[in-house]
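Geometric and topological summary
Residue strings, one per chain:
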Amino acid sequence: MDETPHSAAYFGDTRDFWWNRDFLELMSRRWQLAEVRRALDVGCGLGHWAACLAPFLPAGCELTGVDRETRWIDEARHRSAAHPHLRCTFVTGEAERLPFADDSFDLVTCQTVLIHVREPVVVLREMLRVLRPGGLLAVAEPNNVAVNLVRSDLAVPVAEILPLVEFQMRCERGKMKLGEGFISVGPLVPGWFAELGLGQIESWQSDKTTMLLPPYASAEAQALVSEAEAMDRQEFWIWNREDTRRYFLAGGGEVEKFEDLWRRALARERFLLAGLRARTLDRTTAPTLLLVSGRK
Ligand SMILES: C[S@@+](CC[C@H](N)C(=O)[O-])C[C@H]1O[C@@H](n2cnc3c(N)ncnc32)[C@H](O)[C@@H]1O
């Protein structure tokens, strides 16, 4: 049995560089985080998102994190020592059945969690249940297929890029069909907020780009290079081979096409990695990470 906890492949150091702090400060004013007394981070993982918001929460604020993986909860508890002005609690629990009473929190939030769940609306409804009337529901979720479409790979012929876009879209949809989440869920969230009856629905996009300029001296660039090397060692694309194959087939992909597409997908990443190793690649990408909020 695979005992690797959920999302283990996605908790590399690059996650520390997802947001610009001044952008979060702006969001904290838009969201009036200084007024929040009780906050809940759903699917908190190691607490990366909680750590982003922590500097803007007022002293004495109760920050609770919940995740279904005990290992992440232990680690998040340990890391929360970095926020001594908050009263942090981390508990194990399912996003679909949050272990909290109705109307318990002023802020309920999550980052890259709806992309992993079978029924995002069920989770959102549950987050809304534990939010007090007037409280803020705020989620950060990506549109991952967009990142691949906007890569400016002029050295790669269009005819080689398009099959990989189709490959990714089939895999994403197959993963969703299997009930394992839809990794480009971000743009769908405002509509769900409306369906659930939230008011003051607003959406924004992170202003963070990922900039790789030789010689990659910044801590962020070094984290990106290490991640690219680690993914190459593990033959990891967006997912590992076995999962990618399952998703591709479930998304209507033809079995005989898989090997070729998998090889091409890895080759494209290796082409970039070769440029990183040669210290010649400069690459700025703009991940599409949406922030959506509304009031109960
Ligand atoms: C990609 S990680 C995001 C972690 C954190 N929010 C962050 O931004 O760093 C997704 C997290 O959601 C948790 N998770 C996935 N499905 C869940 C569920 N149904 N209930 C509770 N936690 C869940 C995973 O264990 C993992 O820690």
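Presented here is a report on the structure given in the accompanying data block. Predicted, not measured: the structure shown is a model, and the values here were computed from it.

Let's talk about the overall build of the protein chain
- Across its full length, the protein chain holds 10 helices and nine strands.
- The C-alpha radius of gyration computed for the protein chain amounts to 20 Å, which stays within 12% of the reference 19 Å derived for 296 residues, consistent with globular compactness.
- With respect to the principal axes defined by its C-alpha atoms, the protein chain has extents near 55 × 40 × 40 Å.
- Here the protein chain, with 296 residues, has 49% of them falling under the buried criterion.
- Per element, the accessible surface of the protein chain, about 14,600 Å² overall, is 52% carbon and sulfur.

Some details on the pairing of strand β9 (residues 289-295)
- Judged by how many residues are buried, β9 sits mostly within the fold: seven of seven residues are covered.
- Neither face of β9 is left uncovered, since the one carrying Leu289, Leu291, Ser293 and Arg295 and the one carrying Leu290, Val292 and Gly294 both have all their residues buried.
- Across seven bridges, strand β5 (residues 131-142) lies against β9 in antiparallel orientation. Its bridge partner being in β9, Leu136 is matched across the sheet by Arg295.
- Direction of pairing for strand β6 (residues 199-205) relative to β9: antiparallel, over a ladder of five bridges. Across the sheet, residue Trp204 finds its bridge partner in β9, namely Leu291.

A look at the packing of helix α8 (residues 219-233) against helix α10 (residues 255-277)
- Across the interface, α8 lies against α10 with an axial gap of 10 Å and an inter-helix angle of 135 degrees. Comparing their axes, α10 and α8 come out oblique. Crossing of α8 against α10: the hand is left-handed. Between α8 and α10, the residues in contact are Val225, Ala228, Glu229 and Asp232 and Arg270, Leu273, Leu276 and Arg277, respectively.
- Taken together, the residues that form the contact of α8 with α10 break down as four nonpolar, no polar and four charged.

Points about unusual backbone geometry
- For the bond running from Pro214 to Pro215, omega is 5 degrees, close enough to zero to count as cis.
- Relative to the assigned elements, Pro215 resides in the loop between β7 (210-212) and α8.
- Not every positive phi belongs to a glycine, and Thr112 is a case in point at roughly 45 degrees.
- With respect to the helices, strands and loops of the structure, Thr112 is situated in the loop between β4 (105-111) and α4 (120-129).
- Relative accessible area serves as the criterion here: at 10%, Thr112 is assigned to the buried category.
- The backbone of Glu235 sits at a positive phi, close to 50 degrees, despite the residue not being glycine.
- Here Glu235 shows up in the loop between α8 and α9 (241-250).

Reading the values: the criteria
- Residues numbered from 1 in each chain as written.
- Predicted model: local features only at pLDDT ≥ 70, side-chain atom pairs only at ≥ 80, totals over all residues.
- Heavy atoms only, no water.
- Helix = DSSP H or I, 4+ residues; strand = E, 2+ residues; numbered from the N terminus.
- Rg over C-alpha atoms; globule rule 2.2 N^0.38 Å.
- Buried < 20%, exposed > 50% of the residue type's maximum accessible area, 1.4 Å probe, protein only.
- Areas by Shrake-Rupley, 256 points an atom, 1.4 Å probe, with all protein chains shown as cover.
- Pairing = 2+ DSSP bridges.
- Axes fitted to C-alpha atoms, helices over the stretch in contact; angles between N-to-C directions.
- Parallel < 35°, antiparallel > 145°, perpendicular 65-115°, else oblique.
- Left-handed = near helix turned anticlockwise from the far one by under 90°.
- Contact = heavy atoms within 4.5 Å.
- Nonpolar A, V, L, I, M, F, W, Y, C, P; charged D, E, K, R; others polar.

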